[in-house]
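Summary of structural features
What follows is each chain in one-letter form.
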Amino acid sequence: MRNIAEIFKREVRHYYTSPIAYVVIVIFTAVFGFLYFRNLTYYSQLSYQLMQNPYYPQRIDLVMAVFAPLFSSNSIIFLLVIPPLSMRLFAEEKKSGTIELMFTYPVKDIQMVLGKWLASLTILLVMLALSVPGVFMAFKFAGSWEWGPVLSGYLGMFLMGVSFLSLGILISALSENQIVALIISYGALLAFWFLGWAIDPNSGKKMADVLTEFSIIQHLDNFIKGVIDTRDVVYYVLFIFTCVFLTARVLESKRWRG
Amino acid sequence: MIKIENVTKMYGPTVAVKDVSFEVEKGEILGFLGPNGAGKTTTMRVITGYFPPTLGNAYIAGHSVLDAPLEVKKRIGYVPETPAMYDDMRVKEYIKYVGALKGVPKTELKERVERIIGTCALESVYTKNIGSLSKGFKQRVVLGQALVNDPPVLILDEPSTGLDPKQIHEIRSLIKSMEGERTIILSTHILPEVSMTCSKVVIINEGVIVAADTTDNIGRSLTESHQVELTVGGDPDRVKETVSGIAGVRNVSNSGNRFVVDSEKDGDLRAEIARKVVEGGFDLLEMRAHSMTLEDVFLKLVTEEEGERQ
Ligand SMILES: Nc1ncnc2c1ncn2[C@@H]1O[C@H](COP(=O)(O)OP(=O)(O)O)[C@@H](O)[C@H]1O
Ligand SMILES: [Mg+2]
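Residues numbered from 1 in each chain as written. Chains lettered and ligands numbered in written order. Predicted model: local features only at pLDDT ≥ 70, side-chain atom pairs only at ≥ 80, totals over all residues. Heavy atoms only, no water.

**Here's the deal with the sheet that holds strand E2 (residues 14–24) of chain B**
All names here are of chain B. As summarised here, the arrangement of the four strands in space is E2-E1-E4-E5, forming an open sheet in which the pairing is antiparallel. Of all strands in the sheet, those with a lone pairing partner are E2 and strand E5 (63–64), marking the two edges. Where helix H1 (residues 40–48) meets the sheet, it contacts strand E1 (2–11), E2 and strand E4 (55–60), and its direction lies at approximately 120 degrees from that of E1. (Pairing = 2+ DSSP bridges. Helix = DSSP H or I, 4+ residues; strand = E, 2+ residues; numbered from the N terminus. Contact = heavy atoms within 4.5 Å. Axes fitted to C-alpha atoms, helices over the stretch in contact; angles between N-to-C directions.)

**A look at the layout of surface pockets**
Of the volumes computed, that of the largest pocket is approximately 400 Å³. Looking at the lining of the largest pocket, the elements that each hand over two or more residues are helix H7 (109–130) and helix H13 (230–257) of chain A together with helix H2 (69–74) of chain B. Looking at the lining of the largest pocket element by element, the count peaks at five residues for H13 of chain A. Of the residues belonging to the lining of the largest pocket, the class tally is eleven nonpolar, one polar and six charged. (1 Å grid on protein atoms, 1.4 Å probe; cavity = no way out; pocket = protein on both sides within 12 Å on 5 of 7 lines; lining within 4 Å. Points joined across faces, edges and corners; volume = space filled by probe spheres on them. Nonpolar A, V, L, I, M, F, W, Y, C, P; charged D, E, K, R; others polar.)

**Digging into helix H3 (residues 91–101) of chain B**
Counting buried positions along H3 of chain B gives eight out of eleven residues, so the element sits mostly inside the fold. Those residues of H3 of chain B not exposed but buried are Val91, Tyr94, Ile95, Tyr97, Val98, Gly99, Ala100 and Leu101 of chain B. Lining the buried residues of H3 of chain B we find helix H1 (2–17) and helix H6 (98–104) of chain A together with helix H4 (106–119) and helix H5 (135–147) of chain B. Downstream of H3 of chain B by one or two residues, glycine 103 of chain B has phi in the positive range, about 85 degrees. (Buried < 20%, exposed > 50% of the residue type's maximum accessible area, 1.4 Å probe, protein only.)

**Some words on the interface of chain A and chain B**
Quite often, the size of an interface is put as the accessible area lost when its parts meet. In this complex, chain A contributes 24 residues to the contact, which on the side of chain B involves 34 residues. Across the chain A to chain B interface the summed buried area is about 2,700 Å²; carbon plus sulfur atoms make up 60%. It is Arg2, Glu100 and Pro106 of chain A in chain A that bury the most area against chain B; as a group they hold 25% of the surface buried on that side. Note that glutamate 100 of chain A and arginine 45 of chain B form a salt bridge whose closest N and O atoms lie 3.0 Å from each other. Those elements that place two or more of their residues in the side of chain A that touches chain B are H1, helix H5 (88–96), H6 and H13 of chain A. Among the elements that take part in the side of chain A that touches chain B, H1 of chain A stands out by supplying seven residues, more than any other. For the side of chain A that touches chain B, the class distribution of residues is eight nonpolar, seven polar and nine charged. (Buried area = accessible area lost by both parts, 1.4 Å probe. Salt bridge = Lys/Arg side-chain N within 4 Å of Asp/Glu carboxyl O.)

**Let's talk about the confidence of the model for chain B**
Of the residues in chain B, 90% have a pLDDT of 70 or more, and the chain-wide mean is 87. Taken together, the chains of this predicted complex give a pTM of 0.83 and an interface ipTM of 0.88. (pLDDT = per-residue confidence, 0-100.)

**Examining empty space enclosed by the protein**
One water molecule sets the probe size; rolling that probe over the atoms shows where empty space is left. All names here are of chain A. In this structure the tally under the stated criterion is two cavities of 30 Å³ or more. In this structure, the second largest cavity occupies an estimated 30 Å³ of space. Lining the second largest cavity, in full, are Tyr15, Ser18, Ile20, Pro84, Leu85 and Arg88.

Next up, the structure:
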């Protein structure tokens, strides 16, 4: 535990002192904020128009108009900003050679992986936390307090973000070059994303269904709608677990080969 | 304290180290000597638990690197050949970090770090980033991270490469001062380093151990061997043939009409050589006994092994 905590602290400090985390957080907040305000403006215009119409007394749903499309587009933002957070975690240590001494300390591979993984997860949490004030504003503005779908949407985004990070860490452990790790992460995430689009549903329904099950963003849909389905949670948890486990195995095999 | 048992290490198909065995007793400083590419780093990496051997095993205080790598790692301090540290960390912060990873109790950590900063003379730089330090200071930081867990065993891979003479002297006296207190393996390709600091030597060449003895014994057995330098007028090839024919001569090498004759340890062949040269009708222009320096010894050991294998 102490080892994980120490490595975690070092990595967080590294994020804190290097520009990448700041750039990522700023870009995320700016794009997320921009989309949020755009949706909110649209929502307020729409509500205003509807209020003028006596035959349409219902209010439009804040979640469906603002948050669902926002969370949905967030998949793309995450796809772009998360690999830069994970790319250096192991690639840099291998390139600079600092991993040599690490391998001679009484630290288990999995502790090293978990320390780094938790540190990157912290940055993800910071990113998500920075978007929370906007949510409060929207609720206040609309006078609605429908928390459920927003919370489940956040849970979904968090799980998806951690999945992206975990895949990124695995790829970082496989590469010595941060830029290569970054590009491969983009490629791998896109591949997971497009699974399910690969086959025309009319020609191979079964196959398409199976592949869709593996698609990394497909599982976000239910969360956005406010439904927490065990299958989606299990998918993300398994995905994350597999990546973390494989990362430790990659390190181990690196050791064997020297 | 340290026991290496029939260690073989392969990188893919290449054998880097072959069936290496030796032991180091508690408190000894062992010189691990060999030219570049001999397999020193590979052997040391096996001992530190950096990677497991392909065959064989190594033990630190009875703990096997294969079965109890964490126990091994808790007991060693390692100075790699080309040490890389986190350049973005401050010296003090880094040593504290390594101390924590090596399991120094939280309550002792602060005091331990202070002590290391003193031992390694890092007072003037401990708030600086490691990346900004000179090579000499970096080497002291590496030594600091090796010592922070107060390890009974130190593995030093060519610790003086790239340092200036003053720094080399400092690091050697520091190593020497730990004799008896810690068990140390010091690898080097520089002979004087061994004779100055080590009580025992293991010499490795092309992955195979070629000699292992106390520094004194190795020095003596080789200084007792004779080398004679000759300058002879006449056809060099025929001179070489004549001299090689003398009983007790091991090897004759020449450049032009200058010859170096290696002879068996016992017996002085100078008289015999002189007679044969003159009898052969050559002009003996100069002759002197050449007492070998350790440097020659080393070269010799290595070339002998090569010769035997061919
Ligand atoms: N990572 C590696 N992959 C392949 N071969 C290696 C590797 N490291 C070392 N070698 C080879 O193993 C042999 C021993 O190297 P090394 O242990 O570094 O020797 P030394 O430290 O005595 O100079 C050399 O022939 C070297 O080329
Ligand atoms: Mg070496």
